[in-house]
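Spelled out, the chains give:
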Amino acid sequence: MADTSNAPSPRDLEQAFSLFNEASAQLANAYNDLEQQVARLSAELAVANGELRRQYEEKEALSQRLAHLLAALPGGVVVLDAQGRVAQCNPAAREMLDLDPTGRPWNEVAASRLQASRGAQEWALCGQEGGGALRWVTLSMSPLDSAGGRALLLTEITEARRLGEQLEQHRRLSSMGEMAAGLAHQLRTPLATALLYAGNLARPALADGDRVRFAERAQARLRDLERMIQDMLTFVRGAPAAQEEIDVAQLLQAVTHTIEPQMHAAGVAFRTRIAVGPSRLHGNRKALQGALINLLENALQACAGGTGAVELEVRAGGGRLRIRVQDNGPGMDAATLDRLFEPFFTTRQEGTGLGLAIVRSVAQAHGGEVEVESAPGRGALFTLAVPLADER
Ligand SMILES: Nc1ncnc2c1ncn2[C@@H]1O[C@H](COP(=O)(O)OP(=O)(O)OP(=O)(O)O)[C@@H](O)[C@H]1O
Ligand SMILES: [Mg+2]
């Protein structure tokens, strides 16, 4: 009779056992493999962690070194974020500004602690007056990161500035000494004429009309003397330190109003080409006005009569105001060009030779310079360039 039950035969069982054994051996192998992989990955992870820790420690040490460096720097360092707020600053910056600016907008801090001078190139520190003389700094800004952060460096220049002023004073005094003989000569002529007229005034039989005439002439010569002495003092002292906001258009208007009637009277064609929008300078209005009038008077004197023409051209660019005074006069040879700015150098009989020396010292006192281009028969072009006042 055939076996119809579903019970496995011993053979089936044997087969099943052997399959089971095979499968469990495979599982054991796979488990071993997995264990090995886990061990390998753990080792790799440990190495990667070690590397990360090393990098972190290096960065930490670097940032500590940077912090020490910032703290030790004599210059003030202020770090601004993209919004212009102070994110960080070093002790030197806190000491210079006399406050901790961290978290405040830099514009606000600058407005309350810094005062611009010399066309905003140099800044006086506010709130330090109690401790003696004013302290001065320069500012330089550089980009720090792609997010718009910036670093500001405040460098103290008080001592350099004091030495520079002293040097300039010495330079002026020594050229003063050298030129004292020239000065005596300059003063002697109008003084002698004034004495002559004054002597005439003392004559008892003088008609009233003559008396008035002599008195007027004596006065005119004395006024010349006064102007010469005034010019000399301006030169020796350098441009007075008054710091004002000067509106460029107003300055130019005052200058042209003074010079236009003189040009007209001398028959010189005077043209102005003013190509500047509203702009301002920092400095001494009277000194700058005087310097420009000196240049224009020289141009006028050089080309007076006949077909004389003078042009005043004013432009702004690169943070500077450029004032050009051009004439179509006889121009200058190399020897004159060489000595032009020396105090008391003059080729005009009634000149003092202080005009251009004053122009140069005024230009320098405003952080600018004066240049000349000329050749015999080709007229002359003087360019006075001074920094414009810019926004902080
Ligand atoms: N535009 C010019 N063309 C030709 N020569 C000039 C011109 N400007 C100046 N000079 C020369 O430079 C000299 C010095 O000029 P500066 O203005 O210093 O003195 P000055 O005009 O002679 O005297 P002051 O200005 O004191 O009355 C002049 O005497 C002249 O020889
Ligand atoms: Mg002159």
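Residues numbered from 1 in each chain as written. Chains lettered and ligands numbered in written order. Predicted model: local features only at pLDDT ≥ 70, side-chain atom pairs only at ≥ 80, totals over all residues. Heavy atoms only, no water.

### Describing the sheet that holds strand β2 (residues 86-89)
Adjacent strands of a sheet form backbone hydrogen bonds with each other and so pair up, either parallel or antiparallel. Read across the sheet, 6 strands follow the order β2-β1-β6-β5-β4-β3 without closing on themselves; strand pairing throughout is antiparallel. Of all the strands in the sheet, the pair left with one neighbour each is β2 and β3 (114-117). Averaged over neighbouring strand pairs, the angle between their axes works out to 35 degrees when direction is ignored. Alignment of strand β1 (residues 76-80) against β2, held across 3 bridges, turns out to be antiparallel. What sits directly across from Val-79, in β2, is Gln-88. In the packing of helix α3 (residues 106-113) onto the sheet, contacts are made with β1, β2, β3, β4 (122-125), β5 (136-143) and β6 (150-156), and the angle to β3 comes to roughly 70 degrees. (Pairing = 2+ DSSP bridges. Helix = DSSP H or I, 4+ residues; strand = E, 2+ residues; numbered from the N terminus. Axes fitted to C-alpha atoms, helices over the stretch in contact; angles between N-to-C directions. Contact = heavy atoms within 4.5 Å.)

### Some points on the site of ligand 1
Close to ligand 1 lie 21 residues, the nearest being Asn-298, Thr-346, Thr-347, Thr-352 and Leu-356. Between ligand 1 and Thr-352, the relevant distance is 2.3 Å, taken from an oxygen atom to a side-chain nitrogen or oxygen of the residue. The protein chains hide 94% of the 600 Å² of surface that ligand 1 would expose on its own. At the level of elements, α8 (285-303), α10 (355-365) and β13 (380-387) are the ones that each hand at least two residues to the shell around ligand 1. Per-element tally for the shell around ligand 1: the top contributor is α8, with 4 residues. Its residues placed into classes, the shell around ligand 1 shows 9 nonpolar, 9 polar and 3 charged. (Near = heavy atom within 4 Å. Polar contact = N/O pair within 3.5 Å; in protein donor to acceptor, adjacent residues only side chain to side chain. Areas by Shrake-Rupley, 256 points an atom, 1.4 Å probe, with all protein chains shown as cover. Nonpolar A, V, L, I, M, F, W, Y, C, P; charged D, E, K, R; others polar.)

### Digging into unusual backbone geometry
With a phi close to 65 degrees, Asp-98 is a non-glycine residue in the positive phi region. The residue Asp-98 is located in the loop between α2 (91-97) and α3 in this model.

### Side note on a nonpolar patch on the surface
A contiguous nonpolar surface patch, about 350 Å² in accessible area, is contributed by Leu-13, Phe-17 and Phe-20. If you trace the backbone, Phe-17 turns up in helix α1 (residues 10-72). (Patch = residues over 30% accessible without salt bridge, like charges linked within 9 Å, V, L, I, M, F, W, Y side chains within 5 Å. Salt bridge = Lys/Arg side-chain N within 4 Å of Asp/Glu carboxyl O.)

### Description of the pairing of strand β12 (residues 369-374)
Strand direction decides the pairing type here: β12 and β13, joined by 6 bridges, are antiparallel. Bridge pairing in β13 places Ser-374 opposite Ala-380. Here β12 folds back onto β13 in antiparallel fashion, the turn holding 5 residues, of which Gly-377 has a positive phi close to 80 degrees.

### Structural notes on the environment of Asn-107
Mapping Asn-107 onto the fold places it in helix α3. We classify Asn-107 as exposed; its relative accessible area is 52%. Linking Asn-107 and Leu-201, residues 94 residues apart in sequence, is a C-alpha distance of 67 Å. (Buried < 20%, exposed > 50% of the residue type's maximum accessible area, 1.4 Å probe, protein only.)

### Some details on the domain arrangement of the chain
The domain boundaries assigned to the chain delineate domain 1 (14-72), domain 2 (73-156), domain 3 (160-237) and domain 4 (242-392). Measuring from the centre of the C-alpha atoms in domain 1 to the corresponding centre in domain 3 gives 95 Å. (Domains from an automatic or database assignment.)

### With respect to the packing of aromatic side chains
Scanning all chains against the criterion turns up 1 aromatic pair. A cation over an aromatic ring shows up here: Arg-360 above the ring of Phe-341, its NZ or CZ 4.1 Å from the ring centre. (Phe/Tyr/Trp six-rings, centres within 6.5 Å; stacked < 30°, edge-to-face > 60°. Lys NZ or Arg CZ within 6 Å of the ring centre and 35° of its normal.)

### A look at the pattern of salt bridges
Taken as a whole, this structure holds 22 salt bridges when the rule is applied. In this structure, Arg-54 and Glu-51 form a salt bridge, with 2.9 Å as the shortest nitrogen-oxygen distance. Placement of the pair is Arg-54 and Glu-51 together in helix α1, with a separation of 3 residues, close to one helical turn. Its salt-bridge partner being Glu-245, residue Arg-280 comes within 2.3 Å of it at the nearest N-O pair.

### Remarks on the nonpolar core
Counting 44 residues, the largest nonpolar core has Met-263, Leu-281, Leu-296, Val-310, Leu-321, Phe-382 and Leu-384 as its most contacted members. Only α7 (248-265), α8, β10 (309-317), β11 (320-327), α10 and β13 provide two or more residues apiece to this core. Of the residues forming this core, the biggest block, 10 residues, is contributed by α8. In contact with Leu-281, not counting residues within four places along its chain, are Glu-244, Glu-245, Ile-246, Val-248, Leu-251, Leu-288, Leu-321, Val-386, Pro-387, Leu-388 and Ala-389. Cys-89, Leu-97, Trp-106 and Leu-114 belong to the second largest nonpolar core, which has 18 residues in total. (Core = buried A, V, L, I, M, F, W, Y, C linked by side-chain atoms within 4.5 Å.)

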